Amino acid sequence: MAATVPAHLRMHHFDPSQTQLILNYVTERLSMDETPLDFPGDKSVIDSILSGLLTDHGLPTAQVLDLYEEHLSKTVLSADSPRFWAFIPNAPTKASLLFDMIVSAASLQGISWLEASGAVAAENQVLRWISDAAGLPASSGGVFVSGGSAANLSALIVARDVGRRRLVEKYGEQARYRRLRIAVSEQVHSSIKNTLSILDVDPLIVRPADHRLLGSDLAAVMAADADPESVVAVVATSGTTNAGIVDDLAGISDVAQQYGLWFHVDGAYGGAGLFAPSVRGLYAGIENADSFIVDPHKWLFAPFDCAALIYRDPALAKSVHTQKAGYLDALHHDDGSYEWNPTDYAYHLTRRARGLPLWFSLAVNGSGAYTAAIEHGITLTRQVADELNRRPDIELVREPTLSVVLFRRTGWTAADYDRWAHDLLTRQVAFVTSTTWEGEVVGRFAFAHPATTFEMVLEALDAMDHNGDE
Ligand SMILES: *Cc1c(COP(=O)(O)O)cnc(C)c1O
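Report follows, based on the coordinates. (Residues numbered from 1 in each chain as written. Predicted model: local features only at pLDDT ≥ 70, side-chain atom pairs only at ≥ 80, totals over all residues. Heavy atoms only, no water.)

Quick word on the pairing of strand S5 (residues 262-266)
Next up, step 1: Of all five residues making up S5, five are buried, and the element is well covered by its neighbours.
Next up, step 2: The two faces of S5 match: Trp262, His264 and Asp266 on one face and Phe263 and Val265 on the other face are all buried.
Next up, step 3: As judged from the five bridges shared by strand S4 (residues 231-237) and S5, these two strands associate in the parallel manner. Across the sheet, residue Thr237 finds its bridge partner in S5, namely Asp266.
Next up, step 4: Crossover connection from S4 via helix H9 (residues 249-259) to parallel S5: handedness right-handed.
Next up, step 5: Note that S5 and strand S6 (residues 291-294) share three bridges and pair parallel. Along S6, the bridge assignment pairs Asp266 with Ile293. (Buried < 20%, exposed > 50% of the residue type's maximum accessible area, 1.4 Å probe, protein only. Helix = DSSP H or I, 4+ residues; strand = E, 2+ residues; numbered from the N terminus. Pairing = 2+ DSSP bridges. Right-handed = clockwise from strand over helix to strand, strands pointing away.)

If you want it as structure tokens, here you go:
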């Protein structure tokens, strides 16, 4: 049959056996109770497997898929394994993974209302769900971007430009070249530091006494500053990636209002806690955010890659981010008819409708399932913290608030934590990585997967007794 298809159409011709092979693989993967953690790969082995693979005429699907399954897939650690507790895990729902296949199979873009109205409206429905949880006004809105880094960058571009515009209005054109600053806590995420460097904006670093940025810390720094007008924004974190600390959003927003600062809240990891009644109180003040981000690919159970970026006043973002070109004029109409172009709310143009897997999963599972799954992570963390406190050789670095817990094993050095982590991964018990806290290497667990059990964690803790100090 393939012989009857002209060469230029061969790649676009439906191949039932190829389709079946892929769907079989996907079905098998989705049906696993627990995805295997797997192991980091060896560069020379991987290179030799890939060698000669790209040919003029192509290879049979089964051969390439087998090679992927047997060799490549096993070198990709499963961030969606319930035993993945390093960094921030990923725990996509089955429905979100399945719908992601639809987004791919239909090549769904989400650039503009003209091209993708239904997809845009569905994405916006989810953004509204998040905005409502944060208590942002009905007029707020935004876009799904690839990750927290892209979301932070896009939001702070707007913050900088809005701040600069205000200075220009007040002092005239020469103010355009003034150095600007953004207030950040020492604990701020690395992506914010990179963002400031990209924006060529200087950080005004605030050092909170106990890692949690308070309104009073910001107030003191602003009051003592020689040039507070050059500070255009403040970044608060809800909560920190390293330790799950939620800054004093209410206090910070008061100071932001007093000085006319753009109030940005980075909830890439911890923003999901908005849906957990047990910790919702920690987020008081988030309703005053000018921009807010949360990564559904972290603790809102969506597949990679997906970050929600929401602005209190989306018109400001649109005025900064809209790309203008003759061939794009068709996207914009000024006749008052409804227009929402996701592309106008971040630094991108083309984008995949990456909010739809979350939208579909939320629609079929209901928000109650999200609340239950997030609360599971918080309860488990509490339970693990109590267990750590009970063990004579282990102490908590600080009480956890969300789903990250830091601990130290007395007498252990970085090499001991590494040896323990290496043993856990070798035996496929867990994937953990240590972190640094006040200059000291300590143990860290980050939980997100609702199938992670206390027993799994006990097994990892028990392994501490036969690792290290030998
Ligand atoms: C993960 C994280 C980011 C970066 O998000 P990516 O999706 O990895 O780009 C930013 N801020 C915080 C607080 C995070 O936890």
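A closer look at helix H6 (residues 148-171)
Next up, step 1: The end-to-end C-alpha distance of H6, which contains 24 residues, comes to 34 Å, matching closely the 34 Å that a straight helix rising 1.5 Å per residue would cover.
Next up, step 2: A large share of H6 lies buried, amounting to 17 of its 24 residues.
Next up, step 3: In the stretch just after H6, Gly172 is the one whose phi turns positive, near 90°. (Expected span 1.5 Å × (residues − 1).)

Focus on the environment of Thr433
Next up, step 1: If you trace the backbone, Thr433 turns up in the loop between helix H14 (414-426) and strand S10 (435-437).
Next up, step 2: Through-space distance from the C-alpha of Thr433 to that of Ile286 is 31 Å; in sequence the pair is 147 residues apart.
Next up, step 3: Aside from chain neighbours lying at most four places away, what touches Thr433 is Ala86, Phe87 and Arg444. (Contact = heavy atoms within 4.5 Å.)

Looking at the sheet that holds S10
Sheet strands associate in pairs through backbone hydrogen bonding, adopting either a parallel or an antiparallel arrangement.
Next up, step 1: One open sheet accounts for four strands, arranged S8-S9-S11-S10; its pairing is antiparallel. With partners counted over all chains shown, the strands left at the sheet margins are strand S8 (394-396) and S10, one partner each. Neighbour-to-neighbour, the strand axes of this sheet turn through a mean angle of 45°, independent of strand direction.
Next up, step 2: By the bridge criterion, four bridges tie strand S9 (residues 404-409) to strand S11 (residues 440-446) in an arrangement that is antiparallel. Bridging from a neighbouring strand, Val404 pairs with Ala446 of S11. (Axes fitted to C-alpha atoms, helices over the stretch in contact; angles between N-to-C directions.)

So, the packing of aromatic side chains
Next up, step 1: Under the counting rule described, the total for this entry stands at 19 aromatic pairs.
Next up, step 2: Between Tyr25 and Tyr68 the ring centres are 6.0 Å apart and the planes differ by 70°, which places this aromatic pair in the edge-to-face class. Highlighted residues: Tyr25 in helix H1 (residues 16-30) and Tyr68 in helix H3 (residues 61-72), separated in sequence by 43 residues.
Next up, step 3: Judged by its relative accessible area of 34%, Tyr68 is partly exposed.
Next up, step 4: With a centroid separation of 6.2 Å and 55° between ring planes, the pair formed by Trp420 and Phe445 is classed as tilted. With Trp420 in helix H14 and Phe445 in strand S11, this pair connects stretches of sequence that are 25 residues apart. You'll find Trp420 and Phe445 in the same group, each marked buried.
Next up, step 5: An aromatic cluster of at least three residues, connected via ring pairs, comprises Trp85, Phe407, Trp412, Tyr417, Trp420, Phe445 and Phe447. (Phe/Tyr/Trp six-rings, centres within 6.5 Å; stacked < 30°, edge-to-face > 60°.)

Observations regarding the packing of helix H5 (residues 113-134) against helix H12 (residues 356-365)
Next up, step 1: Following both chains from N to C, one finds H5 and H12 inclined at 65°, their axes separated by 9 Å at the closest point. As judged from the angle between their axes, H5 and H12 are roughly perpendicular. Where H5 crosses over H12, the handedness of that crossing is left-handed. Note on element contacts: H12 touches H5 through Leu356, Leu358, Trp359 and Leu362, opposite Ala119, Ala122, Glu123, Gln125, Val126 and Trp129.
Next up, step 2: A per-class count over the contact of H5 with H12 returns eight nonpolar, one polar and one charged. (Parallel < 35°, antiparallel > 145°, perpendicular 65-115°, else oblique. Left-handed = near helix turned anticlockwise from the far one by under 90°. Nonpolar A, V, L, I, M, F, W, Y, C, P; charged D, E, K, R; others polar.)

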